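Structural description and commentary
In case you want the letters, here they are:
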Amino acid sequence: MSLRAAAARSGIDPGHLSKVERGEKQLSLEALYRLAVVVDLDELAGHLKPLLPEEIGAGPACEAGPSAGNDEEAACEAASPVEQSAPHAK
């Protein structure tokens, strides 16, 4: 699966996901969970699910594309407000 396809299916901006891949940005737990579901990392998704609010962890991964106002992820209809990614520790 291409980076663009994984980003689109998980609701993460492809540019942001590319920066995550290069170690320049981080994902929120919610975005990481959605990405894990999309790329079939079931064990990781299982570990992340209990850390998420019920309404996020219970549903499938987002199918929405990236929103213009947030470079990390698009808001899912059932999701709570989008959290910003944590600052990258050096």
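On a predicted model such as this, the values are computed, not experimentally measured, just so you know.

As for the confidence of the model for the protein chain
With 61% of its residues at a pLDDT of 70 or more, the protein chain has an overall mean of 74. For residues 60–90, every residue scores under 50 in pLDDT, and the model assigns this stretch 67 contacts once sequence neighbours within four places are set aside.

Remarks on the pattern of salt bridges
Under the definition given, this model contains two salt bridges. With a shortest N-O distance of 3.2 Å, R22 and E24 are connected by a salt bridge. Residue E24 is classed as partly exposed on the basis of its relative accessible area, which comes to 44%.

Comments concerning helix 3 (residues 29–38)
The α-helix winds at 3.6 residues per turn, so residues separated by three or four positions along the chain end up facing the same way. Burial analysis of helix 3 places seven of its 10 residues in the buried class, which makes it a mostly covered element. Regarding helix 3, the residues found buried are E30, A31, Y33, R34, L35, A36 and V38. Of the residues flanking the end of helix 3, it is D40, one or two places downstream, whose phi is positive at about 60°.

About the thresholds
- Residues numbered from 1 in each chain as written.
- Predicted model: local features only at pLDDT ≥ 70, side-chain atom pairs only at ≥ 80, totals over all residues.
- Heavy atoms only, no water.
- pLDDT = per-residue confidence, 0-100.
- Contact = heavy atoms within 4.5 Å.
- Salt bridge = Lys/Arg side-chain N within 4 Å of Asp/Glu carboxyl O.
- Buried < 20%, exposed > 50% of the residue type's maximum accessible area, 1.4 Å probe, protein only.
- Helix = DSSP H or I, 4+ residues; strand = E, 2+ residues; numbered from the N terminus.

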